[in-house]
Amino acid sequence: MKTIIEPFRIKTVEPIRMTTIEERRQLIKQADYNLFSLKSEDVLIDLLTDSGTSAMSTGQWSALMKGDESYAGSPSYYHFTAAVRDLMPFKHVIPTHQGRAAEHILTSIVADGHGQGKIVPNNTHFDTTRANFEDAGIEAQDLVIAEGLDTALEHPFKGNMDLDRLEKLLAEQADNIPMVETTITNNAGGGQPVSMANIRGTKAICDKYGKPLIIDSARFAENAYFIKLREEGYADTTVKEIVREMFSYADGMTMSAKKDTFSNMGGWLALNDDEWAEKARTRLIMTEGFPTYGGLTGRDMECMAVGLKEIVNEDYLQYRIRSIQYINNGLDALGVPVMKPAGGHAIFIDAKKMLPHIQPLQYPGQSLAIALYVQGGIRTAEIGTFMFGRQPDGSEKPAPMELVRLAMPRRVYTQAHADYIIECFEELRNNIAEVPGMEIAWEPSSLRHFTAKLKPLSM
Ligand SMILES: Cc1ncc(COP(=O)(O)O)c(C=O)c1O
């Protein structure tokens, strides 16, 4: 059969409140042209993020009732750690309330009170990962391969680390590098996968210089499925086996369980090193909670345990990857400049190409995201100069790419929603030259895209 069906039925539905273009024009103005400031009930299709927005399964909802809320030693903690270790056999598994809490704890360990002068390389740091390191004075360097920065170029593993640059950096600065990180899939770089060979190669360089490799793992199952589809030698390997191999090369992981465990909340930090784990647990008690709950309820941990089993189901992963490709192909056929090939969790539009009349420092990605909301009530996220342009020294410079991300929540939207999204772009395309650039009216000192206020520039 050519048609891949959604491998689930819908038992509970959430109504969508319909709005008109005129209403949305007013609503986005009231939200100071920041999509994070919209009320979600004013959104028709919410593609702001795939984080914490999954539809949970009957298995997960029923597991919630098994949640044991004991302060210490809850059986839910043991169910959770067993499920993690079944896929990622790390010695220490430390629950946190979400991914950035794990990042924060890890940063405090590697900064060790004096981050200045230290460097952490990554294929591409995600915004919270970068912000955590920079806040501690650590330089966050992105070393993705050059192909990963060319949105139109077809390459099976555009998330790969540039191993030559990594080796050069370590050869020159080994004393200043406390750890190396790789992000699977590479969210800020278009949800593009990292190959097994690249993870293995990264580990070999880390071993040569005695540095730990940490995997930022939010979309590990999508990454593993791409390896199965695209990397020689893995077609007959199960996704579960691929996941175990990926993590066998790492010394630890940070995890946002709000993605590839279908949970609405949760995360963890896993480590092999006893000394780092001890420091992490001490910090965890100060900031998150006791080590057997780490800021989570017992029911959250039960939910993650079930989600970890469901996420490696290959029927699900086939549907997931194909449904993203469906929208990507539909937009490509319209001539919309999409990132190719399609990533694992989102469709990425190259706003620099779609709105060539808007300069990077006038935030073309934000302009496109606003126009999409007004056109069809679709909420997306800018990943470009609005998100990354402000430098730690206060200056502003264009980001390497001006992307708009349509992140698809897991198991939430149907094919009719997908067709509607494609149709919105078709309508928008006709008036694209009239979409104005933006300027910032107010911004906070860091992570400005979440709360800044903007204004359209007059054309
Ligand atoms: C690659 C990556 N790392 C870390 C995070 C942070 O996780 P959380 O949102 O759970 O704090 C995210 C969230 O989007 C992510 O995509």
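Quick caveat, the model's predicted, so the values are computed rather than measured.

Conventions used here
Residues numbered from 1 in each chain as written. Predicted model: local features only at pLDDT ≥ 70, side-chain atom pairs only at ≥ 80, totals over all residues. Heavy atoms only, no water. Helix = DSSP H or I, 4+ residues; strand = E, 2+ residues; numbered from the N terminus. Buried < 20%, exposed > 50% of the residue type's maximum accessible area, 1.4 Å probe, protein only. Contact = heavy atoms within 4.5 Å. Near = heavy atom within 4 Å. Polar contact = N/O pair within 3.5 Å; in protein donor to acceptor, adjacent residues only side chain to side chain. Areas by Shrake-Rupley, 256 points an atom, 1.4 Å probe, with all protein chains shown as cover. Nonpolar A, V, L, I, M, F, W, Y, C, P; charged D, E, K, R; others polar.

**What about unusual backbone geometry?**
Here is step 1: Cis geometry marks the peptide bond from Ile184 to Thr185; its omega dihedral reads -20°.
Here is step 2: Position of Thr185 among the secondary structure elements: in the loop between β5 (180-183) and α7 (196-209).
Here is step 3: Phi at Tyr363 takes a positive value of approximately 55°, unusual for a residue other than glycine.
Here is step 4: Along the polypeptide, Tyr363 turns up in the loop between α13 (351-354) and α14 (364-376).
Here is step 5: Its relative accessible area of 4% is what places Tyr363 among the buried residues.
Here is step 6: Here Leu447, not a glycine, exhibits a phi torsion of approximately 50°, which is positive.
Here is step 7: Along the polypeptide, Leu447 turns up in the loop between β13 (438-442) and β14 (453-456).
Here is step 8: For Leu447, a relative accessible area of 32% corresponds to the partly exposed category.

**Some thoughts on the side chain of His449**
Here is step 1: Along the chain, His449 falls in the loop between β13 and β14.
Here is step 2: Sequence-distant contacts of His449, defined by excluding residues within four places in its chain, comprise Asn34, Phe36, Asp127, Phe386 and Met387.

**Some details on the site of the ligand**
Here is step 1: Close contacts around the ligand come from 14 residues, with Gln98, Arg100, Asn187, Ser256 and Lys259 the closest.
Here is step 2: Measuring from an oxygen atom of the ligand, one finds a side-chain N or O atom of Arg219 at 2.9 Å.
Here is step 3: Ser256 places a side-chain nitrogen or oxygen 2.6 Å from an oxygen atom of the ligand.
Here is step 4: In isolation the ligand offers 390 Å² of accessible surface; the protein chains occlude 97% of this area.
Here is step 5: No other element matches helix α4 (residues 99-111), which puts three residues into the shell around the ligand.
Here is step 6: Of the residues assigned to the shell around the ligand, the class counts are one nonpolar, seven polar and six charged.

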